[in-house]
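So you can see what is in the structure, the chains are spelled out below.
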Amino acid sequence: MSDERSGFRSSDERAGFEITPEFERFNQKYDVFRRSWWDERVKSDKSALFYRTYREALESWRKADGFTQKDYALRNAAWHVSDIFTELKESEDRREGFTDAFTLQREVASERTEFESPEVAAREMKRVAKAFGASLVGITELDERWMYTSKFSDISLTEKPNDIPAGLDWVVVTAQQMDYDWIRTVPSALSGAATGLGYSHDALVVLSTAQYIRNLGYNAIASMNDSSLAVPYAIKAGLGEYSRLGLLITKEFGPRVRLGKIFTDLPLATDAPIRFGVKEFCDICRRCSDACPVKAISAGEPTTEVHNESNLRGVRKWSIDGERCFDYWVKQNSDCAICLRVCPYNKDFSRWWARAGRVLAGTPLRRLMLWLDKRLGFGERWKPREWWTRTG
Ligand code: SF4
Ligand code: SF4
């Protein structure tokens, strides 16, 4: 059941969404990264230089540990595959995967493979996406509220219609884990390799999975940061919970994931949202907001107040001040993820004690878990040079 006036849907409660009557769909033009190309409040010579350091021959680095030529070289190499896909259609005013959905696909097969049921089809899609390298896969229905009202081109600086065709009513959501050790070295250019490699893997997973569906005779469009918000879809698809730091927290990798989507008309059984105590833990934890060097993360309660036009309106939640966050990235000349590094959910969950801590975090003993986490030194920075010099 839904209340069209307020935008509320009955499934929102299970997902933890609190949508108010002031809800407005998001226009990609106001994403802080898009604003860094046209809005004088965000755009600067330094922001242009920031982007160039990722994509042009390296010219400047520092002696500081984590910001040497080798650190930048590795970061940019990790981004390389994703960048190639993104740049392939720039002459057509498309940056696929970031401002535009992928069109780098072969035609849809003329004959369709029929599936016994949506459940069977969903099971198969998850198996295939994981075989292509997805760390996590969930499925949900298309929800217009999370689709961008318009896209925005960083090249022509114009708004463009969102070109996901009608009728693609199912969304396969993928998550790629980011490297734990690299994230432990934040702030560093080296840690940016975790983000870059996450995107490069993501591009492979969504393109290949979409092509598989197309080869079966169904339409499928691969997507990364383009076309829609990703976190609400990931929550609805059961991949994790929303958190104070504004990102998805998964059970398997904490906040250390990059998200991808495949929009398709292949009927698929959908997943349900999961809860494992993140909201309750964030209520008592301030590790990310305390650690953020520019205080871009709220230390208060979830609210409908916004910092600026880069925030989604009409949803009660923790919101990040994207302007402050991006300004810090530009100043340090590499992306930051201090909030991810210090989060008690940022663990290597292949370790039994990390899994035990996660269970504890979901119980009334969560304050004990938080105290232990700090006491044992989790979240402290690992020296980047140790990553380069360790053996084995
Ligand atoms: S990425 Fe860095 S600057 Fe941005 S919110 Fe996280 S800690 Fe703050
Ligand atoms: S650091 Fe603490 S408050 Fe911030 S997202 Fe992680 S668990 Fe939540």
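Here goes a summary of the coordinates provided. (Residues numbered from 1 in each chain as written. Chains lettered and ligands numbered in written order. Predicted model: local features only at pLDDT ≥ 70, side-chain atom pairs only at ≥ 80, totals over all residues. Heavy atoms only, no water.)

What follows concerns the overall build of the protein chain. Per the secondary structure count, the protein chain includes 15 helices and 10 strands. Its C-alpha atoms give the protein chain a radius of gyration of 20 Å, within 12% of the compact-globule value 21 Å for 392 residues. If you line up the protein chain on its principal axes, its C-alpha atoms span 55 × 50 × 45 Å. Within the span of the protein chain, comprising 392 residues, buried residues form 55% of the whole. Partitioning the contacts of the protein chain with sequence separation of at least 6, the portion at a separation of at least 24 is 76%. (Helix = DSSP H or I, 4+ residues; strand = E, 2+ residues; numbered from the N terminus. Rg over C-alpha atoms; globule rule 2.2 N^0.38 Å. Buried < 20%, exposed > 50% of the residue type's maximum accessible area, 1.4 Å probe, protein only. Contact = heavy atoms within 4.5 Å.)

Right, let's get into the packing of helix H3 (residues 45-55) against helix H4 (residues 69-87). The geometry of H3 relative to H4 is characterised by a closest axis approach of 9 Å and an angle of 95° between their N-to-C directions. Judged by the inter-axis angle, H3 sits roughly perpendicular to H4. From H3, Thr53, Tyr54 and Arg55 reach across to H4, where they touch Arg75, Asn76, Trp79, Asp83 and Glu87. Split into classes, the residues belonging to the contact of H3 with H4 amount to 2 nonpolar, 2 polar and 4 charged. (Axes fitted to C-alpha atoms, helices over the stretch in contact; angles between N-to-C directions. Parallel < 35°, antiparallel > 145°, perpendicular 65-115°, else oblique. Nonpolar A, V, L, I, M, F, W, Y, C, P; charged D, E, K, R; others polar.)

Taking strand neighbours across the sheet as the criterion, the 4 strands line up as S3-S6-S10-S7 in an open arrangement whose pairing is antiparallel. Edge positions in the sheet fall to strand S3 (136-141) and strand S7 (220-223), since each of these pairs with one other strand and no more. The sheet shows a mean angle of 20° between the axes of neighbouring strands, direction not considered. Summarising the sheet, strand S6 (residues 170-177) and strand S10 (residues 257-264) pair through 8 bridges and their orientation is antiparallel. What sits directly across from glutamine 177, in S10, is valine 257. The sheet contacts of helix H7 (residues 192-215) involve S6, S7 and S10, and relative to S10 the element is tilted by about 20°. (Pairing = 2+ DSSP bridges.)

Attention now moves to the packing of aromatic side chains. Given two aromatic rings, their pairing is described by the distance between the two centres and the angle made by the two planes. Enumeration according to the criterion identifies 24 aromatic pairs in this entry. The interplanar angle of 75° and the centroid separation of 5.9 Å between the aromatic rings of tyrosine 30 and tryptophan 38 together place this pair among those described as edge-to-face. We classify tyrosine 30 as partly exposed; its relative accessible area is 28%. Taken together, the aromatic side chains of Phe33, Trp37, Phe50, Tyr51, Tyr54, Trp79, Phe98, Tyr199, Phe326 and Trp329 make up a single cluster linked through ring pairs. Of note, arginine 62 hangs over the ring of phenylalanine 67, and the distance from its end group to the ring centre comes to 4.2 Å. (Phe/Tyr/Trp six-rings, centres within 6.5 Å; stacked < 30°, edge-to-face > 60°. Lys NZ or Arg CZ within 6 Å of the ring centre and 35° of its normal.)

So, on to the site of ligand 1. Around ligand 1 lies a shell formed by Cys292, Pro293, Val294, Ile297, Cys325, Tyr328, Trp329, Cys336, Ile338 and Cys339. At the level of secondary structure, the elements contributing two or more residues to the shell around ligand 1 comprise helix H11 (322-332) and helix H12 (338-342). Residue composition of the shell around ligand 1, by class: 10 nonpolar, no polar and no charged. (Near = heavy atom within 4 Å.)

Let us look at H7. For H7, spanning 24 residues, the distance from its first C-alpha to its last is 35 Å, which sits close to the expected 34 Å at 1.5 Å a residue. Counting buried residues along H7, 18 of its 24 residues qualify, which places the element largely inside the surrounding structure. Once H7 finishes, glycine 217 follows within two positions and takes phi at roughly 100°, a positive value. (Expected span 1.5 Å × (residues − 1).)

This part covers the nonpolar core. For soluble globular proteins, nonpolar side chains are generally found buried alongside one another. Ranked by size, the top nonpolar core spans 71 residues in total, and within it Leu266, Leu268 and Tyr345 carry the most contacts. The element contributing the most residues to this core is H7, with 9 residues. Not counting residues up to four positions away in its chain, the partners in contact with leucine 268 are Pro118, Ala121, Ala122, Met125, Ile139, Trp170 and Val172. Among the nonpolar cores identified, the runner-up in size contains 31 residues, and Val171, Ala175, Ala237 and Val315 belong to it. (Core = buried A, V, L, I, M, F, W, Y, C linked by side-chain atoms within 4.5 Å.)

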